[in-house]
Amino acid sequence: MQVKKHWAVAASALLAAAAAHAGTVKVDEDAEFSPTGKGWGELVNSPGANGHARGAAKPGGGGGGASNGINYNGGPVMTNVNGTNIYYIWYGNWSSNTAPTILTDLANHIGGSPYFNINTTYYDKAGTKVTNRINYLGSTNDAYSQGTALSDAAIQAVVSKAITGGVLPKDTNAVYFVLTSADVNATSGFCTQYCGWHTHGTIGGSDIKYSFVGNPDRCPSACAAQTNGPNGNAGADGMASIISHELEEAVTDPDLNAWFDRRGMENADKCAWTFGTESTASNGAKYNMTLGTRNFLIQQNWVNASGGFCAEAF
Ligand SMILES: [Zn+2]
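Residues numbered from 1 in each chain as written. Predicted model: local features only at pLDDT ≥ 70, side-chain atom pairs only at ≥ 80, totals over all residues. Heavy atoms only, no water.

**Student:** Just checking my understanding: could you explain the state of the cysteines for this structure?
**Tutor:** Two cysteines joined by a covalent bond between their sulfur atoms form a disulfide. Scanning the entire structure with this criterion turns up three disulfides. Between the sulfur of Cys271 and that of Cys310 lies a disulfide, 2.1 Å long from S to S. Handedness here is read from the sign of the S-S torsion; for Cys271 and Cys310, about -95 degrees, the answer is left-handed. Taken together, the residues span a long stretch of sequence, with Cys271 in the loop between strand 11 (259-260) and strand 12 (279-280) and Cys310 in strand 17 (residues 309-311) at a distance of 39 residues. Since its relative accessible area comes to 0%, Cys271 is described here as buried. If the cysteines joined by disulfides in the protein are listed in sequence order, their pairing comes out as 1-3, 2-4, 5-6. (Disulfide = S-S within 2.5 Å. Helix = DSSP H or I, 4+ residues; strand = E, 2+ residues; numbered from the N terminus. Buried < 20%, exposed > 50% of the residue type's maximum accessible area, 1.4 Å probe, protein only.)

**Student:** Is there a simple way to think about helix 3 (residues 152-164) in this case?
**Tutor:** At 3.6 residues per turn, the α-helix brings residues three or four places apart onto the same side. Across its 13 residues, helix 3 extends 18 Å between first and last C-alpha, which sits within 8% of the 18 Å expected from 1.5 Å per residue. Listing the buried residues of helix 3 in full gives Ala154, Ile155, Val158, Val159, Ala162 and Ile163. At the exit of helix 3 stands Gly166, carrying a positive phi of roughly 80 degrees. (Expected span 1.5 Å × (residues − 1).)

**Student:** What's the story with the coordination of the zinc ion in this structure? I'm lost.
**Tutor:** Where a metal carries four tetrahedral donors, each ideal angle is 109.5 degrees; where it carries six octahedral donors, the ideal angles are 90 or 180 degrees. The protein atoms that coordinate the zinc ion are His245 (NE2), Glu249 (OE), Glu249 (OE) and Asp269 (OD), at distances spanning 2.0 to 2.4 Å. Coordination at the zinc ion is irregular: its four donor atoms span angles of 57 to 133 degrees at the metal. Donor residues for the zinc ion sit on one chain with the sequence pattern H-x3-E-x19-D. Of the two residues, Glu249 sits in helix 5 (residues 234-252) while Asp269 sits in the loop between strand 11 and strand 12, which places them 20 residues apart along the sequence. Classification of Glu249 as buried rests on a relative accessible area of 0%. (Donors = N, O, S within 2.8 Å, 3.2 Å for Na, K, Ca; no water. Tetrahedral: all angles 85-135°; square planar, octahedral: opposite > 155°, others 65-115°.)

**Student:** Before we go on, may I ask you to explain the pattern of salt bridges in this structure?
**Tutor:** One side chain can pair with another of opposite charge once the charged atoms of both are near each other. Applying the stated criterion to the full structure yields four salt bridges. Between Arg294 and Asp105 there is a salt bridge, with the nearest N and O atoms lying 2.6 Å from each other. Taken together, the residues Arg294 in strand 15 (residues 294-296) and Asp105 in helix 2 (residues 99-109) connect sequence positions 189 residues apart. A relative accessible area of 22% places Asp105 in the partly exposed class. A salt bridge links Lys161 to Asp142; its shortest N-O distance comes to 3.9 Å. Note that Lys161 is positioned in helix 3 and Asp142 in strand 5 (residues 134-142), a separation of 19 residues in sequence. (Salt bridge = Lys/Arg side-chain N within 4 Å of Asp/Glu carboxyl O.)

**Student:** What should I look at first to understand unusual backbone geometry in this one?
**Tutor:** Comment: phi is negative for the bulk of residues other than glycine, and the bulk of peptide bonds are trans. Its identity is not glycine, yet Tyr144 carries a phi of approximately 65 degrees, on the positive side. Checked against the element boundaries, Tyr144 lands in the loop between strand 5 and strand 6 (149-150). A positive phi angle, near 55 degrees, is found at Ser306, a position not held by glycine. Structurally, Ser306 is set in the loop between strand 16 (301-303) and strand 17. Since its relative accessible area comes to 71%, Ser306 is described here as exposed.

**Student:** Quick question: what am I supposed to make of the pairing of strand 7 (residues 174-180) here?
**Tutor:** In regular strands, side chains alternate between the two faces of the sheet. Burial runs high along strand 7: seven of the seven residues are buried. The alternating pattern of strand 7 places Ala174, Tyr176, Val178 and Thr180 on one face and Val175, Phe177 and Leu179 on the opposite face, and all of these are buried. Sheet analysis places strand 4 (residues 84-91) next to strand 7, joined by seven bridges and oriented parallel. Among the inter-strand pairings, Ile86 is bridged to a residue of strand 7, identified as Val175. As judged from the six bridges shared by strand 7 and strand 10 (residues 206-214), these two strands associate in the parallel manner. When the sheet's bridge partners are listed, Leu179 is paired in strand 10 with Val213. (Pairing = 2+ DSSP bridges.)

**Student:** Mind showing me how you'd approach the packing of aromatic side chains here?
**Tutor:** Two aromatic rings are characterised by how far apart their centres lie and by the angle between their planes. Per the counting criterion, the structure on display carries 13 aromatic pairs. Connected via pairs of aromatic rings, a cluster forms that spans Tyr88, Trp90, Trp94, Tyr136 and Phe177. Seen from the ring of Trp302, Lys270 lies directly overhead, with NZ or CZ sitting 4.4 Å from the centre. (Phe/Tyr/Trp six-rings, centres within 6.5 Å; stacked < 30°, edge-to-face > 60°. Lys NZ or Arg CZ within 6 Å of the ring centre and 35° of its normal.)

**Student:** Before we go on, may I ask you to explain the sheet that holds strand 9 (residues 196-203) in this structure?
**Tutor:** Sheets are built from strands that pair by backbone hydrogen bonding, the pairs being arranged parallel or antiparallel. What the five strands build is an open sheet, ordered 5-4-7-10-9; its pairing is mixed. Of all the strands in the sheet, just strand 5 and strand 9 have a single pairing partner and so form its edges. Going from strand to strand, the sheet's axes swing by 25 degrees on average, the running direction of each strand aside. Against the sheet, helix 2 contacts strand 4 and strand 5, and its axis sits at roughly 170 degrees relative to strand 4. Packed on one face of the sheet, helix 5 meets strand 4, strand 5, strand 7, strand 9 and strand 10 and runs near 150 degrees to strand 7. (Axes fitted to C-alpha atoms, helices over the stretch in contact; angles between N-to-C directions. Contact = heavy atoms within 4.5 Å.)

If you want it as structure tokens, here you go:
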């Protein structure tokens with residue numbers, strides 16, 4: 001998920017996608033991008049670069065595909081009939097912080113919601129759709145095993161340590177979230193290039209999907225939509241939106257070769273930092289949905305139907 005200062009980039013890409021669908025704007029035919037998982041497109045300079053060959057995009061099996069402003073590129077999608085599992089790794093110091101309570105509630109209630117149902121408009125090569133179900137299966141704590149300045153490799157090491165150490169199960173039908181406290185930086189660009197990202201890697205011989213989400217308390221102006229949250233924890237309330245963004249991207253594009261548009265924007269990227277209709281909580285914070293007993297302000301996601309559009313629910 002990009003930082004807010006790049007919102008204009010995301011918005012222009014969205015307009016370009018919509019306009020291309022309408023056939024009124026010429027899109028640069030020479031540019032083809034593949035997703036990096038960090039919310040910006042990475043230009044593919046030659047066929048086969050990044051394992052994503054120019055022209056490899058395939059029409060959607062269900063008749064959706066390009067006509068909805070996002071394309072299926074043939075890779076795996078997380079379509080397990082029992083849903084996708086998630087695990088949290090609380091990295092750093094989260095003592096006396098309400099974030100674990102708030103974000104565990106999010107994890108337990110995002111599945112089955114009208115919001116997550118948007119992802120059921122995505123499908124794999126066999127035409128099997130994403131299920132509107134998320135199973136939160138546990139968490140662990142990591143007290144700075146890699147220090148306070150994490151490279152991308154260090155973040156994978158955090159996930160690897162939890163799995164190979166037997167603290168969390170090795171689960172290829174899961175997304176592992178590395179959630180860092182505000183004193184921790186991710187050195188490839190947290191707060192300047194992104195607020196979170198998702199990717200995959202080989203851990204213990206298996207393809208493991210994982211995500212980094214930093215605490216926006218480190219940089220509220222870049223990574224939080226508002227300085228007050230509906231749950232009274234601006235950092236955690238900001239993380240709720242970023243976790244949701246990365247989760248829906250990981251489910252529909254787990255190996256970065258499934259669903260994204262011609263500019264490399266995954267489903268959530270196309271709606272980043274847009275929230276639709278908002279209400280005001282008793283503490284003055286904005287929210288746009290209720291999951292379980294809590295209100296959240298969570299960014300919209302791209303519906304892969306009816307030409308494609310951003311929505312809070314489907
Ligand atoms: Zn993204």
